[in-house]
Amino acid sequence: MQERAEIRRNRAGLWVAQGPLDWQRIPSRVEAVIAQRVGRLLADLQDDLVVAAVQGEEFVAEVVAAVRTEDGVAERLRLASRSPHRLIESAGAFRIAEQLVTTYRFRHVLFQRYLYDRLAEAERLHLHELTGRALEELYRNFADPPVVDLAYHFDEARLVEPAIGYFSQAGKRAIRMAANEEAIRLFQRAAVLIETMPESPQRDERELELRAPLAGAIMAVRGYSAPEADANGRRLRQLCDRLEPSVAVGLALFGQVYVASVRASYAEMEDLSRELLRVADELDDSALRVLGLFGIGVASTWVRRLPAGHRNLQRAYEIFDHQAHGWLMAVFGQAVGPEVSAWDSFYTVFRGYPDQAVHQADEAMALARRLGPAFTVCHTVSVAGSLLRLFRGDYQDALAFVEEFGEIGATEHFPFFEVAAEVHRGVIVGHLGDPDAGIDLIATGLERWRQMGIMSFRALFVAHQAEIEHLAGRPEKGLRLLEAEAPLAAASEERLSAIYLAAKRGALLRAVGSETTEEALRTAMHDAQAIGSPAIELSAATELAVLLDRSGRVEEAHSVLEPAYGWFKEGFDTPDLARAKQVLDRIAR
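What you see is a predicted model; the values in this text were computed from it and never measured.

A. Representation of the pairing of strand S4 (residues 88-96). Summarising the sheet, S4 and strand S5 (residues 99-106) pair through eight bridges and their orientation is antiparallel. By the bridge assignment for S5, serine 90 is matched with tyrosine 104. As consecutive antiparallel partners, S4 and S5 are separated by two residues, and within that stretch alanine 97 has a phi angle of approximately 60°, a positive value.

What follows is the structure in structure tokens.
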């Protein structure tokens, strides 16, 4: 670098670059030494090694022989690896069916780079094509060919069609292995290559097939508000609008359903899900039907009525067949079925069946762990294991599930779930004795989610913050949190969250002695009935009964709480039902 004037000393005596550095360039003295060593080799062996260098630092002898199309290659390489001044060494051997495959590596990467750099551009293109074809032939009957290597060689050979195919295969394989960053790199390279092809429906279909799984990989590791997620989403929507119904269109629509869900855009989520369901019906595709019903079920639960959402989720789970629909795991890295059941179990708590919810949740987690995709296990455990128990009031039981999905999220680098684990820990810590630490964890997590573009069920956790403030003897502070969040919750499309927050607000209004408490609690009860949530209705009714009882309106208190409590047939050991029973017993005396 000094000789080429790429670096110079500054006045402080430090070496500084004079411009962009070419790290691939071999220093002239080193190059001269390598040239001398290569020059001592027989001409045929030099040609063998030039072809080998096209494969990289490590290479397959049988591929070199196939490209060279002459006898003696394998023997020359074997002898060269044993020479005292050898440039290569043995890297092992394995079999593909009955064929023995031998591998070697250059003893230093500079040897490989020197030989490769000697090739003219036309020679490189030609040798990359021949190497790619030789690899295809070698692995012709092999279930798991080296698709990344094949993609690289055809890309370097400027053969767009096969390169796109292998990049797409490699990306899907990376998703199956939960290597999402690698999947992003591979799919994005395929997308760049597709842009060089002339426009046609077939070209759009191919682009759609790689952008759908690319969306999932981006969201998993970079978040839902990443610029590349938005750009990919817009392109997916354009492609869906231009193409006829197909499985690829359906999968792309589901990717957009996911984005809408985390952004709490439930009207858009429901519209996209219904469009997906129309595609599923037109194709008579049961896997797409599961996805469409999943989206409709979740959206309708948040914005309309819990029973309607439950019916759609239940139907989706009944249709789900993990064997017939196993291909979804290859495309999205998700099994879907356990996730459908997980959300249905969580909503079942609000529908007033807390024990049924736990039973269903345990089954969903068992299925997720059996099927095994990391994202599905993480998602299912976070919802069916932790979130469900937080809203049942089983804080100690939730802790083990938080640790489980938090560890998966950290290991697999799922940012959403890494943050979710901290938020859930905050709820647990706050309720179990350290309110300040719990509130800080929740607040920090919610802010991190906001920065990631995640707005769904925010109000549920703000309600927990406020409840913890109340438990810490600071109801006024908790009420200020709820008052600040209430307009946002009311304006959002999450009606369930807004009503849950309103019920908690009523409890804090009672705690601070507000004159508006009764009206607020009666409104929360009415709204809870409207969406089909006996659990939220009971919470508001209990607070209202306490208020009425302390005002001397005992009979009215009993008439409010008794029917709300009497509706339940299970879950009597949960904190909300146990407290309601205590209030009823006190009123009866």
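What follows continues from the structure just given.
B. Seen up close, a nonpolar patch on the surface. Taken together, the side chains of Val247, Leu283 and Trp327 define a hydrophobic patch exposed on the protein surface, amounting to about 210 Å² of accessible area. Taking relative accessible area as the criterion, leucine 283 reaches 33% and is therefore assigned partly exposed.

C. Quick look at helix H28 (residues 554-566). With 13 residues, H28 extends 17 Å between its outermost C-alpha atoms, agreeing within 8% with the 18 Å of an ideal straight helix rising 1.5 Å per residue. Looking only at H28, the buried set comprises Ala557, Val560, Leu561, Ala564 and Tyr565. For H28, the angular spread of the buried residues around the axis is 110°, confining them to a single face.

D. Region of the structure containing the packing of helix H25 (residues 495-511) against helix H26 (residues 517-531). One way to put it is that H25 packs onto H26 with a least axis distance of 9 Å and a crossing angle of 155°. Taken as axis vectors, H25 and H26 run roughly antiparallel relative to one another. Classified by chirality, the crossing of H26 by H25 is left-handed. Side by side, H25 and H26 meet where Arg495, Leu496, Ile499, Ala502, Ala503, Arg505, Gly506, Ala507, Leu509 and Arg510 of the first sit next to Thr517, Ala520, Leu521, Ala524, Asp527, Ala528, Ala530 and Ile531 of the second. Residue classes in the contact of H25 with H26 are distributed as 12 nonpolar, two polar and four charged.

E. Spotlight on the packing of helix H10 (residues 201-222) against helix H12 (residues 247-262). As a packed pair, H10 and H12 sit with axes 9 Å apart at the nearest point and diverge in direction by 25°. As judged from the angle between their axes, H10 and H12 are roughly parallel. Crossing angle aside, the handedness with which H10 passes H12 is left-handed. In contact with Glu205, Leu208, Glu209, Ala212 and Met219 of H10, H12 contributes Ala248, Val249, Leu251, Ala252, Gly255, Tyr258 and Val259. Across the contact of H10 with H12, the residue classes break down as nine nonpolar, one polar and two charged.

F. Representation of helix H7 (residues 147-156) in the model. The set of residues buried in H7 consists of Val147, Leu150, Ala151, His153, Phe154 and Asp155. Its buried side turned inward, H7 meets helix H2 (43-55), helix H6 (121-138), helix H8 (160-176) and helix H9 (180-194). Arginine 158 sits one or two positions beyond H7 and adopts a positive phi of about 60°.

What counts, and at which threshold
Residues numbered from 1 in each chain as written. Predicted model: local features only at pLDDT ≥ 70, side-chain atom pairs only at ≥ 80, totals over all residues. Heavy atoms only, no water. Pairing = 2+ DSSP bridges. Helix = DSSP H or I, 4+ residues; strand = E, 2+ residues; numbered from the N terminus. Patch = residues over 30% accessible without salt bridge, like charges linked within 9 Å, V, L, I, M, F, W, Y side chains within 5 Å. Areas by Shrake-Rupley, 256 points an atom, 1.4 Å probe, with all protein chains shown as cover. Salt bridge = Lys/Arg side-chain N within 4 Å of Asp/Glu carboxyl O. Buried < 20%, exposed > 50% of the residue type's maximum accessible area, 1.4 Å probe, protein only. Expected span 1.5 Å × (residues − 1). Arc of directions from axis to C-beta. Axes fitted to C-alpha atoms, helices over the stretch in contact; angles between N-to-C directions. Parallel < 35°, antiparallel > 145°, perpendicular 65-115°, else oblique. Left-handed = near helix turned anticlockwise from the far one by under 90°. Contact = heavy atoms within 4.5 Å. Nonpolar A, V, L, I, M, F, W, Y, C, P; charged D, E, K, R; others polar.

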